[in-house]
Amino acid sequence: MALAHRKDLGLLALRAGTGGVLFAHGAQKLFGWFGGGGIDGTAAAMERMGFRPERQSAVAAGLGEAGGGALLVLGLATPAAGAAAAGAMAGAVSVHAPAGFFATSGGFEYPAFLGFCAAALGVAGPGRYSLDHATGHVLDRPWVVTVAFTGAAAAAFGVVRRRAQATAPAAEDLAELDDRDGD
């Protein structure tokens, strides 16, 4: 098997695996599939995690995961798909970061891994076995990579920052209660 075909098959396998997992997670959020909470359950969870507005946050997370994942599987608009999924995973990382790195203790290991894989696919491209290749890479141009990742990074930064600001007063209140209890 030629080296180029091996690389393309490897990209297909990585797209299918990463995109499939992301799609399943997003489908839980959007549709309640695979034991998920659907929009209403996800919105309630988003509120508890400090994301505001919670319903729009649930839709954005679900679309970033399900939409980005489906597009990665297909190899269509791969830079935008990778950027959207990586941006959604940045929000998930912010939730899990206080628990440390490893997933076994509730840490951010798993969402970070999915985000890095999605980002790498968005930058590397989908390979020969993709709809991007079949359409002449109309949606897979260098400028799309730049625009998609700049937009996703800015959006993720804004969402994570707003969540940090929303949860900071609660953390300060807990610290104040701890100080009172210790006196």
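Small disclaimer: the values here were computed from a predicted structure and weren't measured.

Cut-offs applied
- Per chain, residue numbering runs from 1 following the sequence as it is written.
- Totals for whole chains, interfaces and linings use all residues, but because this is a predicted model, local features are given only for residues with pLDDT of at least 70 and pairs of side-chain atoms are given and counted only at 80 or more.
- Computation of side-chain values: all heavy atoms of the structure, hydrogens and water removed.
- Every helix listed is a DSSP run of H or I at least four residues long, and every strand listed is a run of E at least two residues long, numbered separately from the N terminus.
- Working definition: with a 1.4 Å probe on protein chains only, accessible area under 20% of the residue-type maximum means buried, over 50% means exposed, and in between means partly exposed.
- We call two residues in contact whenever any of their non-hydrogen atoms come within 4.5 Å of each other.
- To measure how exposed things are, a 1.4 Å probe is used in the Shrake-Rupley method; for residues, cover is taken only from the protein chains shown.
- Buried Ala, Val, Leu, Ile, Met, Phe, Trp, Tyr and Cys residues that are joined via side-chain atoms within 4.5 Å together make up what is termed a nonpolar core.
- Put plainly, a pocket is an open set of points on a 1 Å grid over the protein atoms alone with protein on both sides within 12 Å along at least five of seven lines, a cavity is a set where a 1.4 Å probe fits but cannot get out, and a lining residue has an atom within 4 Å of a point.
- Grid points are joined across faces, edges and corners, and a volume is the space filled by probe spheres set on the points.
- Only Asp, Glu, Lys and Arg are considered charged, only Ala, Val, Leu, Ile, Met, Phe, Trp, Tyr, Cys and Pro nonpolar, and every remaining residue, Gly among them, polar.
- Patch criteria: residues need more than 30% relative accessible area and no salt bridge. Like-charged residues are merged within 9 Å; nonpolar side chains of Val, Leu, Ile, Met, Phe, Trp and Tyr are merged within 5 Å.
- When a carboxyl oxygen of Asp or Glu is within 4 Å of a side-chain nitrogen of Lys or Arg, the pair counts as a salt bridge.
- Each Phe, Tyr or Trp ring (for Trp, its six-membered ring) is paired with any other whose centre lies within 6.5 Å, and the angle between the two planes then decides the class: stacked below 30 degrees, edge-to-face above 60, tilted in between.
- The span expected for a helix works out to 1.5 Å for each residue beyond the first.

**What about the overall build of the chain?**
When helices and strands are counted, the chain shows seven helices and zero strands. Going residue by residue from the N terminus, the α and β elements of the chain occur as α-α-α-α-α-α-α. Its C-alpha atoms put the chain at 70 × 30 × 30 Å along the principal axes. Counting all 183 residues of the chain, 35% fall into the buried class. In the chain, the proportion of contacts linking residues at least 24 apart, taken out of those at least 6 apart, comes to 65%. Summed over all atoms, the accessible surface of the chain reaches about 9900 Å², with 68% contributed by carbon and sulfur.

**Quick notes on the nonpolar core**
In terms of nonpolar packing, the biggest core is built from 10 residues, these being Leu 11, Leu 22, Leu 72, Ala 81, Ala 85, Ala 88, Met 89, Leu 114, Ala 118 and Leu 121. Only helix H1 (3–31), helix H4 (78–96) and helix H5 (109–124) provide two or more residues apiece to this core. In terms of residue count, the dominant contributor to this core is H4 (four residues). Among all residues touching Ala 118, those that are not within four sequence positions of it are Thr 18, Leu 22, Leu 72, Gly 82, Ala 85 and Ala 86. Ala 83, Val 145, Ala 148 and Phe 149 belong to the second-largest nonpolar core, a separate cluster that totals seven residues.

**Description of the side chain of Thr 18**
Within the secondary structure, Thr 18 is located in helix H1. What makes Thr 18 buried here is its relative accessible area of 7%. Aside from chain neighbours lying at most four places away, what touches Thr 18 is Leu 114, Cys 117, Ala 118 and Leu 121.

**Looking at the layout of surface pockets**
Size it by volume and the largest pocket reaches roughly 780 Å³. Forming the walls of the largest pocket are 35 residues, and the residues nearest its centre are Met 46, Ala 61, Glu 65, Ala 88 and Ala 92. Within the residue set of the lining of the largest pocket, elements represented by two or more residues are H1, helix H2 (38–49), helix H3 (54–74), H4, H5 and helix H7 (142–182). The leading source of residues in the lining of the largest pocket is H4, at 10 residues. Along the lines of polarity and charge, the residues of the lining of the largest pocket split into 21 nonpolar, 11 polar and three charged.

**Regarding a nonpolar patch on the surface**
A grouping of Phe 31, Trp 33 and Phe 34 is seen on the molecular surface, where their side chains present a nonpolar patch of about 370 Å² in accessible area. With respect to the secondary-structure elements, Trp 33 resides in the loop between H1 and H2. On the accessibility criterion, Trp 33 (42% relative accessible area) is partly exposed.

**Thoughts on the packing of aromatic side chains**
For the structure on display, the rule yields five aromatic pairs. Judged by centre distance (6.3 Å) and plane angle (90°), the rings of Trp 33 and Phe 34 are edge-to-face. A residue is classified by how much of its surface remains accessible, and Phe 34, at 56% relative accessible area, is exposed.

**Some words on empty space enclosed by the protein**
Vacant regions in the atomic arrangement are exposed by a probe of water-molecule size rolled over the atoms. Taken as a whole and assessed by the stated rule, the structure comprises one cavity of 30 Å³ or more. Its boundaries defined by the atoms lining it, the largest cavity holds a volume of some 30 Å³.

**Some points on the pattern of salt bridges**
Going through the model one piece at a time under the given rule, you end up with three salt bridges. Where Lys 29 meets Glu 65, a salt bridge forms, and the shortest distance between an N and an O atom there is 3.0 Å. Taken as a pair, Lys 29 in helix H1 and Glu 65 in helix H3 lie far apart in primary sequence, 36 residues in all. The buried category is assigned to Lys 29, whose relative accessible area is 17%.

**Some points on H2**
Along its 12 residues, H2 runs 16 Å from first to last C-alpha, staying within 8% of the 16 Å computed at 1.5 Å per residue. Backbone geometry just after H2 places Gly 50 at a positive phi near 95°.

Note that all results are geometric; they support no functional claim without further evidence.
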